[in-house]
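Analysis of the macromolecular model
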Amino acid sequence: MRRIGRDDAPQVTIEFEGEPLTARRGDSVAAALLAGNHRSFRTTPVSGAARGPFCMMGSCFDCLVEIDGAPNRQACMIEVREGMRVRRQRGAGDIGLGHSTGGGREDTP
Amino acid sequence: MKSRYDIAIVGAGPAGMAAAAAAAGHGASVLLLDEQSEAGGQIYRAVSRQNFKDRNILGSDYYEGLDLVSELASSGAEHVTGATVWQVSPEREIGVSKDGTARMVTAGQVILATGAQERPFPVPGWTLPGVMTAGGAQSVLKSSALAAPDAVFAGSGPLLYLVAYQYMKAGIPVRAILDTTPRANALRALPHLPAALRSIGALMKGRRWIASLRAAGIPFIKHIEDLKLTGTDCVTGVEYRRGKRWRKIDAAQVFLHQGVVPDVNLAMAAGCAHRWSAAQLCWHAETDAWGETDIPGIAIAGDGAAIGGALAAEYLGRIAAHGALHRCGCLGRAERDSLAAPFRRALAGEMRLRPFLDALFRPPRRLRIPQGDATIVCRCEEVPAALIRESVALGCLGPNQLKSFSRCGMGPCQGRFCGLTVSEMIAEARGVGVAEVGALRLRPPVKPLMLEELAALAVEPVSMPGKR
Ligand SMILES: Cc1cc2nc3c(=O)[nH]c(=O)nc-3n(C[C@H](O)[C@H](O)[C@H](O)COP(=O)(O)OP(=O)(O)OC[C@H]3O[C@@H](n4cnc5c(N)ncnc54)[C@H](O)[C@@H]3O)c2cc1C
Ligand code: FES
């Protein structure tokens, strides 16, 4: 994606997959990656398919990345910080979604 | 944040901002929680720090939001940003996470103003990177001034045309608009036209967007009956069918949209009753004239209850605030009624157009219910349509039973992008109504929670989430 206007906004440098990436203050991690023309953010746990952000409003959980070593972070909901280290999430992430209590469903039908 | 408030509101969009502003100043303590870093909700996202020099890009309707943001700021309500609410119990205990720490807050009255989300659009390839919702495209345009040149916009409904129009105003080339509004919808919408004509201004706005897009030479292809997004690691093209004929265009970015639906997760997990809306093809919360649900003290305002748009959301927020003020003893009955009366009138005017819009932009069945077997229904667990149909053939009666057949709806999005599809698919396969099939049953936490966040809770003298 391309930035239109507003290039006077303060810059923030983050790291994506070990490479420096310049973002703007106020960007979400997802916006910063999209601005750097990265469209694929993770691979799925089930088939290993590539995924990128879909809803950009915190609903779909397709933008999950690893931030400063913590997996399953919603890139579209987290703002960039100077020096933040972001990596693609591969599969369920190192410690997995099982680490969270986020099933949210009744256990019985 | 204190541990108790008279009124707590979840969501700082037009409904929540208006509710908080109206509720504060009557002697009640008011808390407004939102996971975004600033007030505005979806429509007014980032409005208070917007710095496009040309206001025509996002349009005057967007900047109207500034009034609400400043009304909120001077109202005395406590607005906590970056606060994700993962549970509201029937006893009005609110589980909220901020900066990696979870805590519980109790409220005498709760108003849920969690708004809408995009309707699922389960077509082949909708999970490919480079495919986003039109609302998502608009979200990065507003918050980061980012746009994708030469994108294809596909689907139906005012938000699709609005975002394409905003792109055009920003000078971003649009490859094409593939309109999936069924031809027959116009006829179905006709009976609602006389009422809609009384809101002629709003009606003409949409027509003007489309006319301008066409005048700018952007291909606007109507009556598309089928869509497929192609590519392996990223989207590279769109195939579309009109009549019998398939065509293809190249596209490195596709924006999909076929309407928005209420974000029901928090309300359903609280146990609030919902009913199927045949007109809007989604679940609506059962609410009274003050937005109160069947659970006393929990009200819902705005697009989170039923889709009415930003202005309706604002009026409903104010009406719900007066209801809550009355219930917590801050406002007498007569005063409540007279203060709310102007908003009821404004609301009635605002809702005149809605039945027409609902009928005109009703998404076609074949784009709500995947036709092909391989099309993914549950994005999180990658469950294809075939598996759902097979499960029904094996005796699965509803979305909750489906969990013994597949992991459909059990991923981190908690059914937000498959719940409606699954209920409609099972209803179709069983030959019964969607109401009979029901919705995916939800339970807190409605957003995934890290163990460390829960650990922080344990040291506080409050009940644990999930216990009723
Ligand atoms: C992506 C998108 C873009 C839209 N753009 C437009 C537009 O440009 N013009 C237009 O007329 N309509 C637009 N709409 C339609 C929109 O639904 C309404 O116009 C309006 O925003 C509804 O107002 P609301 O107050 O009901 O909800 P919203 O404005 O959606 O506000 C809901 C708020 O609740 C917060 N929230 C939700 N769940 C939680 C939780 N669990 N914890 C904490 N906070 C939470 C959200 O962060 C959000 O800020 C858009 C809808 C979507 C989904
Ligand atoms: S893009 Fe959907 S949750 Fe982040």
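As the structure is a computational prediction, the values presented were derived from the model and not from experiment.

The rules behind these values
Residues numbered from 1 in each chain as written. Chains lettered and ligands numbered in written order. Predicted model: local features only at pLDDT ≥ 70, side-chain atom pairs only at ≥ 80, totals over all residues. Heavy atoms only, no water. Helix = DSSP H or I, 4+ residues; strand = E, 2+ residues; numbered from the N terminus. Rg over C-alpha atoms; globule rule 2.2 N^0.38 Å. Buried < 20%, exposed > 50% of the residue type's maximum accessible area, 1.4 Å probe, protein only. Contact = heavy atoms within 4.5 Å. Salt bridge = Lys/Arg side-chain N within 4 Å of Asp/Glu carboxyl O. pLDDT = per-residue confidence, 0-100. Buried area = accessible area lost by both parts, 1.4 Å probe. Polar contact = N/O pair within 3.5 Å; in protein donor to acceptor, adjacent residues only side chain to side chain. Nonpolar A, V, L, I, M, F, W, Y, C, P; charged D, E, K, R; others polar. Pairing = 2+ DSSP bridges.

This part takes up the overall build of chain B. When helices and strands are counted, chain B shows 17 helices and 22 strands. Scaling as 2.2 N^0.38, a compact globule of 468 residues should have a C-alpha radius of gyration of about 23 Å, and chain B matches this with 22 Å. Taken along its principal axes, the extent of the C-alpha atoms in chain B is 65 × 55 × 40 Å. Expressed as a percentage of its 468 residues, the buried residues of chain B come to 59%. Nonlocal contacts in chain B, meaning residues at least 24 apart in sequence, comprise 66% of its contacts between residues at least 6 apart.

Further remarks concern the pattern of salt bridges. Tallied over the full model, the rule gives 26 salt bridges over all chains. The partner of glutamate 71 of chain B in a salt bridge is arginine 318 of chain B, with the nearest N and O atoms 2.9 Å apart. On the criterion of sequence distance, the pair formed by glutamate 71 of chain B in helix α3 (residues 65-73) and arginine 318 of chain B in helix α10 (residues 310-327) is long-range, its members being 247 residues apart. Residue class for arginine 318 of chain B comes out buried when judged on its relative accessible area of 9%. In the salt-bridge network here, residues are joined through shared partners; they are Arg42, Arg51 and Asp62 of chain A together with Arg379 of chain B.

We now examine the confidence of the model for chain A. As a note on interpretation, predicted positions should not be read in detail where pLDDT is low. When pLDDT is averaged across chain A, the result is 86; 83% of the residues are at 70 or more. Between residues 94-109 of chain A, whose pLDDT stays under 50, and residues either more than four places distant or in other chains, the model counts 45 contacts.

Turning our attention to the interface of chain B and chain A. Counting residues at the interface gives 68 residues for chain B and 47 residues for chain A. When chain B packs against chain A, close to 4900 Å² is buried across both sides, 56% of that on carbon and sulfur atoms. For chain B, the biggest contributors to the area lost against chain A are Leu146, Glu382 and Arg443 of chain B; these three give 13% of the whole. Applying the counting rule to chain B against chain A returns 1 salt bridge. As a salt-bridge pair, aspartate 62 of chain A and arginine 379 of chain B come within 2.7 Å of each other at their nearest N and O atoms. For the interface between chain B and chain A, the tally reads 13 residue pairs in polar contact (both at pLDDT 80 or more). At 7 residues, helix α4 (residues 134-144) of chain B tops the list of elements feeding residues into the side of chain B that touches chain A. Across the side of chain B that touches chain A, the residue classes tally to 34 nonpolar, 20 polar and 14 charged. In this sheet, strand β9 (residues 146-147) of chain B lies alongside strand β1 (residues 2-3) of chain A in antiparallel orientation, the contact comprising 2 bridges.

Residue and element names in this part refer to chain B. Along the polypeptide, glutamate 38 turns up in the loop between β2 (30-33) and α2 (60-63). Assessed through its relative accessible area of 13%, glutamate 38 is described here as buried. Remark: the alpha-carbon pair of glutamate 38 and alanine 12, spanning 26 residues in sequence, is separated by 8.2 Å. Dropping the residues within four chain positions of it, glutamate 38 is found in contact with Ala46, Arg49, His79 and Thr81. Within the structure, glutamate 38 has its side chain in polar contact with the side chain of arginine 49 (distance 2.9 Å).

Residue and element names in this part refer to chain B. For the bond running from proline 444 to proline 445, omega is 0°, close enough to zero to count as cis. The residue proline 445 is located in the loop between α16 (434-437) and α17 (451-458) in this model. One non-glycine residue with positive phi stands out, namely alanine 46, at about 60°. Position of alanine 46 relative to the elements: it lies in the loop between β2 and α2. Overall, the relative accessible area of 0% leaves alanine 46 in the buried class. One non-glycine residue with positive phi stands out, namely histidine 223, at about 55°. For histidine 223, the location among the structural elements is in the loop between β12 (220-221) and β13 (226-230).

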